[in-house]
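Structure at a glance
The primary structure of each chain is shown beneath.
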Amino acid sequence: MTTTEPPRTRATRPTPPHRTTPAPEPAAAAQPAAAAPRAADKPARRGLAARVSLGRVFAPVPSEFLLIASTALLLTAFGLVMVLSATSATATAKGEAPWEMVLKQVMFAAVSIPLMFIASRLPVAFYKRMAWPALIFGVAAQMLVFVPGLGIEADGNRNWINVGGVQAQPSEFLKLGLAIWVAFVLFRKRTLLADWRHVYIPLVPVTILAIGTVIAGHDLGTAMILAIIVLGALFFSGVKLRVFLLPTIGAVAFIAFYFLTSADRMRRFFSFLNPNCLDDYYNDCYQPLHGIWGLASGGVFGLGLGNSREKYDWLPAAANDYIFAIVGEELGLIGCAVVLALFALFAVGAFHVIRKTDDPFVRIAAGGITVWIVGQALINIGVVLRVFPVMGVPLPFMSQGGTSLLSVLVACGVLLAFARSLPASVARREAAIAEARAARERAKLRAVR
């Protein structure tokens, strides 16, 4: 008997005689089989995403990032050593361990340094969104100094709070909040800055309110730093000169008025102008004279780390506002030059960020923060050198004070975030310059050989 083979089509394949063709599965059963390859691809895609994310984390950073971060860490470490040296004598005299007073500073540094690097990972858009909340938080925290039982008054200034046995200075956080807020307002109005009304509103009223909360606590030094931050931000925003000069003249006039209406400040100011300060040794000239004597006794090489004489309760605020005098006494002119060089390198890195960025918000905020840190350092050193009258302004990174160190390091984290946001073309140009430089060095070595 013969069997007739069914006709073949071009799309079908002959089935061997020993195999049986399986029955087709329902459509519902076919769907999981079709989805199986896609599910199998997911781990591979996740692995690829993880590799890309790690590549972004460990991507090369601009040279400005390294310069700002390294100088901030070196100044912080230098400050911890000097605070330990300046406080060891008075702590021992009280029957405490020599390192008792520096432990708090170390704890604040252990918290502040990770926060600095966390802040460096945040995008620029985050800081734009946080401008108003940061300012509101800073003003609200500063208002706490007037709460009975919470605020602390010392030496005529009411600028501290005591929370759970920890003393803090809220105005330090107000500095960073004001710098970011002013930058955000000027950034939003960047196309309207030719009109003075858009520059001054709401900038001037809100700034007066923020500085007024500090002036109400009689802290003129911090109020001056806040005014410098605002003026620095205005300068880097590119406003017209006449628009910039009016707030500057107003700030100088207010400071002069504040001095003239206070008998205590006028007395200290005339003591600063007195060429023969020894006549007033036991009054207003006591602290400035001992600061100068500490610097003078250090000479070029210093008395040696830990060998200061002024720290034995001769120099008031030796670990705070006059820490630079202890540096000069123990490490001499060389130690002072190292501190000045580190601040100069910090300023170079920060100004490179200002110059290279193409984001107006980054330029203005970085300008305000840089003017704050570098300007405050110059004022503190000028007070120790008796170039300025005593103002009670700490030396950034180095003076004893946890909230001051915390705010300055977080501000450095903001600068580091801005450094990460520099245009890619800048990074490529720097890499090309470095490669060309390395090629020239290799060529020189081959020529020598």
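Structure: see above.
Residues numbered from 1 in each chain as written. Predicted model: local features only at pLDDT ≥ 70, side-chain atom pairs only at ≥ 80, totals over all residues. Heavy atoms only, no water.

1. Some thoughts on the overall build of the chain
How we decide: Every helix listed is a DSSP run of H or I at least four residues long, and every strand listed is a run of E at least two residues long, numbered separately from the N terminus. Per-residue accessibility, obtained with a 1.4 Å probe over protein chains only, is compared with the maximum for each type, and a residue is labelled buried under 20%, exposed over 50%, and partly exposed between these values. Should any heavy atoms of two residues lie within 4.5 Å, those residues are counted as being in contact. For every accessible area listed, the method is Shrake-Rupley and the probe measures 1.4 Å; residues are considered covered only by the protein chains on display.
Scanning the chain from terminus to terminus reveals 16 helices and 3 strands. Within the chain, the fraction of its 449 residues that count as buried is 43%. Looking at the chain alone, contacts between residues at least 24 apart form 71% of all its contacts between residues at least 6 apart. Per element, the accessible surface of the chain, about 24200 Å² overall, is 67% carbon and sulfur.

2. Some thoughts on the sheet that holds strand β1 (residues 151–154)
Put simply, the rule is: We treat two strands as partners when DSSP finds at least two bridges between them. For helices, the fitted axis covers only the stretch in contact; all axes are lines through C-alpha atoms, and the angles between them, taken along N-to-C directions, range from 0 to 180 degrees.
The sheet built from 3 strands is open, its strands ordered β1-β2-β3 with antiparallel pairing. The strands lining the two open edges of the sheet, one partner per strand, are β1 and β3 (166–168). Strand-to-strand twist across the sheet, computed as the mean angle between neighbouring axes with direction ignored, equals 40°.

3. Structural notes on the environment of Gly402
Mapping Gly402 onto the fold places it in helix α15 (residues 402–420). What makes Gly402 buried here is its relative accessible area of 12%. It is 7.7 Å that separates the C-alpha atoms of Gly402 and Ala109, two residues lying 293 residues apart in sequence. Apart from residues lying up to four places away in sequence, Gly402 is in contact with Gln105 and Phe108.

4. Points about a nonpolar patch on the surface
The criterion, for reference: Distance thresholds for patches are 9 Å for like charges and 5 Å for nonpolar side chains (Val, Leu, Ile, Met, Phe, Trp, Tyr), applied to residues having over 30% relative accessible area and no salt bridge. Salt bridges are identified by distance alone: a Lys or Arg side-chain nitrogen within 4 Å of an Asp or Glu carboxyl oxygen.
Where nonpolar side chains cluster on the molecular surface, the patch consists of Val300, Phe301, Leu333, Ile334 and Val338 and spans about 490 Å² of accessible area. Mapped onto the fold, Phe301 is located in the loop between α12 (286–298) and α13 (323–356).

5. Brief notes about the pattern of salt bridges
A full pass over the atoms with the stated rule returns 9 salt bridges. Between Asp264 and Arg268 there is a salt bridge whose closest N-O contact spans 3.4 Å. Highlighted residues: Asp264 and Arg268, both in helix α11 (residues 263–273), separated by 4 residues, approximately one helical turn.

6. A word on the side chain of Ser399
Condition: Any pair of nitrogen or oxygen atoms within 3.5 Å is treated as a polar contact; in protein, a donor-acceptor pairing is required on top of that, and neighbouring residues in sequence qualify only through side-chain atoms on both sides.
Counting through the fold element by element, Ser399 comes out in the loop between α14 (360–384) and α15. In this structure the side chain of Ser399 is engaged in a polar contact, spanning 2.7 Å, whose partner is the backbone nitrogen of Leu395. When near neighbours in sequence (up to four residues on either side) are disregarded, Ser399 contacts Val83, Gln105, Ala319, Asn320, Asp321, Ile323 and Pro394.

7. Regarding the packing of helix α2 (residues 63–93) against α15
We count it as follows: What sets the label is the angle itself: under 35 degrees gives roughly parallel, over 145 gives roughly antiparallel, 65 to 115 gives roughly perpendicular, and the rest give oblique. If you view the pair so one helix is near and one far, a crossing is left-handed when the near helix is turned anticlockwise from the far one by less than a right angle, and right-handed when it is turned clockwise. Under the scheme applied here, ten amino acids are nonpolar (Ala, Val, Leu, Ile, Met, Phe, Trp, Tyr, Cys and Pro), four are charged (Asp, Glu, Lys and Arg), and all others, including Gly, are polar.
For the pair α2 and α15, interaxial distance at closest approach is 9 Å and the crossing angle is 165°. In terms of orientation, α2 lies roughly antiparallel with respect to α15. As α2 packs across α15, the resulting crossing turns out to be left-handed. The segment α2 lies against α15, with Glu64, Phe65, Ile68, Ala69, Ala72 and Thr76 engaging Leu405, Leu409, Cys412, Leu415, Leu416, Ala419 and Arg420. Split into classes, the residues belonging to the contact of α2 with α15 amount to 10 nonpolar, 1 polar and 2 charged.

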